[in-house]
Structures are given as structure tokens and as C-alpha cells.
Amino acid sequence: VFTQRPPLRSVEGAASISDSCSGELQYQSDGLQIWYGDGTLVPGSQGLCSGTSSRQNVVFVPWKGHPGGTFLFAAISMTGPGVDPIAPGTDCIRTYTYSLIERLPNGAHGITQKNVPLAPDRAPYGSEMIAATATKNRDGYWVLTYDSNVGDILAYRVDGAGVNPVPVISSAIGMTAVGQMQI
């Protein structure tokens with residue numbers, strides 16, 4: 001429960017994730033930083049390589065088998081790093097990225113991996129679309145991205161081992177770089 005106005009403000013896209021049992025809000029993000037459910041900033045989360053001007057800029061995915069582990073996948077910003085330096089001091093390239101929130105040795109949660117590029121060999125690539133869905137047998141998730149340069153959907157498997165950096169690629173010629181992806 002917020003005692004003041006929530007810190008999350010976004011022109012278009014944003015994401016949140018809640019505990020699957022209690023429904024308690026765990027995290028929220030506008031693509032530039034991450035807040036805990038109570039509205040305080042997650043340490044080290046400033047300077048994410050996304051932005052607030054993308055319809056589907058970020059999506060949270062739980063890390064199966066790692067209590068408290070959560071991935072945040074981010075689409076490129078249509079007006080963010082690489083175009084306009086929203087996050088000065090970051091080494092952002094024009095591609096999709098992910099960051100990992102985990103339990104730290106002191107018991108708190110924080111960023112342990114930040115702005116890890118997906119398919120850096122395709123950079124600059126992307127669109128403002130990103131989506132996630134559970135795998136058929138519910139032992140992980142698929143995170144889908146779109147390469148508007150060549151018309152490919154790249155599906156990354158996320159499971160107990162982490163993010164598989166080798167995507168399953170499907171042709172989707174005819175989509176545009178803006179809009180939303182529905183599963």
C-alpha cells in the first residue's frame with residue numbers, strides 16, 4: 001500500500017510483478033529504473049538501457065527455482081539511450097537487454113546483472129515490442145523480441161539455468177517497429 005503517490009511515471013510502457021501467492025507488489029519499472037513494491041528504489045537499478053517512450057518497453061519474468069530472483073527484460077527506447085541520452089554514463093547499445101534482481105548476501109534484493117545485451121551481434125536492432133509467456137509445461141518462460149531490421153521474432157527461453165542467449169528465430173515480415181506484441 002502506497003502512503004504517497006507511486007514513483008512510477010511513464011509516457012507509455014511500464015511493468016510490475018507481484019508475488020504469485022500473496023499478490024503483494026514486488027517490483028515496478030518504467031524502463032529507466034526499478035522500484036520495490038513499497039516505492040523505494042532498488043539499489044543499482046538506475047541507468048537501465050530502455051526508456052519511457054515504448055509501448056511495451058519492459059517485462060518482468062520470475063527466475064524459476066531461485067526464490068526472489070527476477071529478470072527485467074527491456075526493449076530499446078524509441079527516444080532513449082542510443083538516440084537521446086536519457087541514461088548518461090551508461091554503455092547502452094541499440095538492442096534488447098536484461099537485468100537480474102537477486103537476494104544479496106545482506107538479505108536485501110539488488111541488481112546483480114545489469115543491461116546484459118540480447119543478440120549484440122544484431123545491434124543496432126529492436127523495436128518497442130517485448131512480451132513473455134510461460135512455457136507449455138510451465139518450467140520456464142519465453143521472452144519474445146522483434147528485430148524490425150529483418151522481420152524476425154527472437155524467442156529466448158528463461159528457466160532455472162537462466163537466460164538462454166541463443167534464440168529461436170521465426171520470420172514475421174510485415175510487422176512494424178512500433179506498437180505491441182500479443183501472445
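You'll find the structure just up there.
Residues numbered from 1 in each chain as written. Predicted model: local features only at pLDDT ≥ 70, side-chain atom pairs only at ≥ 80, totals over all residues. Heavy atoms only, no water.

For the coordinates displayed, the defined rule picks out 2 salt bridges. Notably, a salt bridge pairs Asp 139 with Arg 157, separated by 2.8 Å at the nearest N-O pair. Here Asp 139, found in the loop between strand 8 (130-134) and strand 9 (141-147), pairs with Arg 157, found in strand 10 (residues 152-159); they are 18 residues apart in sequence, far enough to count as distant. Taking the relative accessible area as the measure of exposure, Arg 157 reaches 22% and is therefore partly exposed. (Salt bridge = Lys/Arg side-chain N within 4 Å of Asp/Glu carboxyl O. Helix = DSSP H or I, 4+ residues; strand = E, 2+ residues; numbered from the N terminus. Buried < 20%, exposed > 50% of the residue type's maximum accessible area, 1.4 Å probe, protein only.)

Taken together, 4 strands build an open sheet; the order of strands is 4-5-6-7 and the sheet is antiparallel. Bordering the open sheet on either side are strand 4 (58-62) and strand 7 (109-117), each of which pairs with just one other strand. Geometrically, the sheet is characterised by an average inter-axis angle of 20° between neighbouring strands, direction not taken into account. As defined by bridge partners, strand 5 (residues 70-74) adjoins strand 6 (residues 97-103) across 5 bridges and the pair is classed as antiparallel. Bridged to Ala 74 within strand 6 is Thr 97. (Pairing = 2+ DSSP bridges. Axes fitted to C-alpha atoms, helices over the stretch in contact; angles between N-to-C directions.)

Within the secondary structure layout, Gln 33 lies in the loop between strand 2 (25-29) and strand 3 (34-36). Accessibility expressed as a relative area gives 22% for Gln 33, which makes it partly exposed. As for Gln 33 and Ser 50, which are separated by 17 residues in sequence, their C-alpha atoms are 9.0 Å apart. Those residues in contact with Gln 33, other than ones at most four positions away along the chain, are Gln 28, Leu 41, Ser 45, Gln 46 and Leu 48. (Contact = heavy atoms within 4.5 Å.)

Covered by surrounding structure in strand 1 (residues 15-18) are Ala 15 and Ile 17 only, the residues Ser 16 and Ser 18 on the alternate face being uncovered. The pairing of strand 1 with strand 2 spans 4 bridges and is classified as antiparallel. For Ile 17, the partnering residue across the bridge sits in strand 2 and is Tyr 27. What sits between the antiparallel neighbours strand 1 and strand 2 is a turn of 6 residues, in which Gly 23 has the positive phi angle 80°.

Moving on: the sheet that holds strand 2. Pairing in this open sheet of 3 strands is antiparallel, and the strands run 1-2-3 from one edge to the other. Strand pairing shows two members of the sheet lacking a second neighbour, strand 1 and strand 3, which therefore form its edges. Each adjacent strand pair in this sheet contributes to an overall mean axis angle of 15°, direction not counted.

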